[in-house]
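Single-letter residue listing:
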Amino acid sequence: MAATGSGVMPGVLSRIVAIGRSAPDRALLRRALDELDARHRLAEKIAAEPNLAAIMTEFVTRLVDAFGSLAAIRGQAVLDIACGSSSSRSPVTGRQTSEFEPWMCRLLVELGAHPVGLDIGDLAGEAFEHHRVDLGVPGALDFLAPGSFDAIHESRLFGSPEFRAAHGSATERIRREIHRQERRLLRPGGVLIHSDGRRHG
Ligand SMILES: C[S@@+](CC[C@H](N)C(=O)[O-])C[C@H]1O[C@@H](n2cnc3c(N)ncnc32)[C@H](O)[C@@H]1O
């Protein structure tokens, strides 16, 4: 176990810290995860739902791959589409789960970025700009200004129980619309961190 500013960091968080590719990035990540643990009980939630560790690992890896270093994220305006919420449910159990709380936006806050989270679920009390929107409604993202984001993340919307129940039959139309909006909202040279709405290859 590694010592942190607030005590001893649980091993599961230390393993995520190790994803950082440089000593400064690992120090940044250690502080960020320490804050997430203090503010949102991250380690306790991972102990209850171990797949949350895989999700955090995936998010950190995506950020490192997209930006080259975690230090480069400071000051970046990042849109997270279907960011997760405190009321989001699991596609496996159908029940509310800690796995899909807005961890990417929370992590971005701790890394010094300016995330904007969009979700249909409950985001009350979150420390980042957020909007409750139904992404299946045509024009749902029109209120955001063109070219206003340095980076965009969108992950696991289409398989979610909320989406399938409300919009499952319109998946392809909505996927195309999200892809179009990503191109509109990203500034020239901006980074697509990840998108299930974008066709790869
Ligand atoms: C499986 S979670 C994914 C959370 C996070 N992006 C991730 O990758 O872990 C899917 C999210 O999509 C949101 N969602 C589902 N249907 C939506 C809709 N029509 N409009 C906005 N958000 C929706 C849910 O509330 C949930 O937070």
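Scroll up a little and you will see the structure.
All values reported here derive from a predicted model rather than from experimental measurement.

**Observations concerning the overall build of the protein chain**
Of the regular secondary structure elements, the protein chain holds seven helices and seven strands. Listing every helix and strand of the protein chain by position from the N terminus yields β-β-α-α-α-α-β-α-β-β-β-α-α-β. Its C-alpha atoms give the protein chain a radius of gyration of 17 Å, near enough to 17 Å, the size a compact globule of 201 residues would have. Across its three principal directions, the C-alpha atoms of the protein chain cover 50 × 40 × 35 Å. The buried share of the protein chain, taken over its 201 residues, is 50%. Contacts in the protein chain between residues at least 24 apart in sequence constitute 65% of all its contacts with a sequence separation of at least 6. The averaged location of the 25 negative side-chain charges in the protein chain is 3 Å from the averaged location of its 25 positive side-chain charges.

**Side note on the site of the ligand**
Taken together, 21 residues are adjacent to the ligand, and Ala82, Ser88, Asp119, Leu135 and Ser155 come closest. Contact distances for the ligand include 2.6 Å between an oxygen atom and a side-chain N or O atom of Asp119. Within the backbone of Val133, one N or O atom sits 3.3 Å away from a nitrogen atom of the ligand. Here the ligand loses 99% of its free accessible area of 600 Å² to cover by the protein chains. With three residues, the top contributor of residues to the shell around the ligand is helix H6 (residues 161-167). Considered class by class, the residues forming the shell around the ligand number nine nonpolar, eight polar and four charged.

**Some words on the side chain of Ser98**
Relative to the helices and strands, Ser98 resides in the loop between strand S3 (77-81) and helix H5 (103-110). Accessibility expressed as a relative area gives 13% for Ser98, which makes it buried.

**Description of the packing of helix H2 (residues 23-40) against H5**
Any two packed helices are characterised by the angle at which their axes cross and by the distance between the axes. Two elements in contact, H2 and H5, have axes whose closest approach is 9 Å; the angle formed by their N-to-C orientations is 125°. Taken as axis vectors, H2 and H5 run oblique relative to one another. Relative to H5, H2 is oriented so that their crossing is right-handed. Along its contact with H2, which presents Leu29, Ala32, Glu35, Leu36, Arg39 and His40, the element H5 presents Trp103, Arg106, Leu107 and Glu110. Its residues placed into classes, the contact of H2 with H5 shows five nonpolar, one polar and four charged.

**Quick notes on helix H4 (residues 51-67)**
Two residues of an α-helix separated by three or four positions point the same way, owing to the 3.6 residues in each turn. Helix length check: H4, at 17 residues, gives a terminal C-alpha distance of 25 Å against a target of 24 Å (1.5 Å per residue), a fit within 8%. Where H4 is buried, its residues contact helix H1 (11-17), H2, helix H3 (42-48), H5, strand S6 (149-154) and strand S7 (186-195). Phi turns positive one or two residues past the end of H4, at Gly68, with a value near 85°.

**Side note on the packing of H4 against H5**
Closest axis-to-axis distance for the H4/H5 pair is 10 Å, and the angle between their directions is 55°. The orientation of H4 with respect to H5, classified from their angle, is oblique. As for how H4 packs across H5, the hand of that crossing is right-handed. Seen from H4, the contacting residues are Leu52, Met56, Phe59, Val60 and Leu63; seen from H5, they are Trp103, Met104, Leu107 and Leu108. When grouped by side-chain class, the residues that make up the contact of H4 with H5 number nine nonpolar, no polar and no charged.

Cut-offs applied
Residues numbered from 1 in each chain as written. Predicted model: local features only at pLDDT ≥ 70, side-chain atom pairs only at ≥ 80, totals over all residues. Heavy atoms only, no water. Helix = DSSP H or I, 4+ residues; strand = E, 2+ residues; numbered from the N terminus. Rg over C-alpha atoms; globule rule 2.2 N^0.38 Å. Buried < 20%, exposed > 50% of the residue type's maximum accessible area, 1.4 Å probe, protein only. Contact = heavy atoms within 4.5 Å. Lys, Arg positive; Asp, Glu negative; His and termini not counted. Charge placed at Lys NZ, Arg CZ, Asp CG, Glu CD. Near = heavy atom within 4 Å. Polar contact = N/O pair within 3.5 Å; in protein donor to acceptor, adjacent residues only side chain to side chain. Areas by Shrake-Rupley, 256 points an atom, 1.4 Å probe, with all protein chains shown as cover. Nonpolar A, V, L, I, M, F, W, Y, C, P; charged D, E, K, R; others polar. Axes fitted to C-alpha atoms, helices over the stretch in contact; angles between N-to-C directions. Parallel < 35°, antiparallel > 145°, perpendicular 65-115°, else oblique. Left-handed = near helix turned anticlockwise from the far one by under 90°. Expected span 1.5 Å × (residues − 1).

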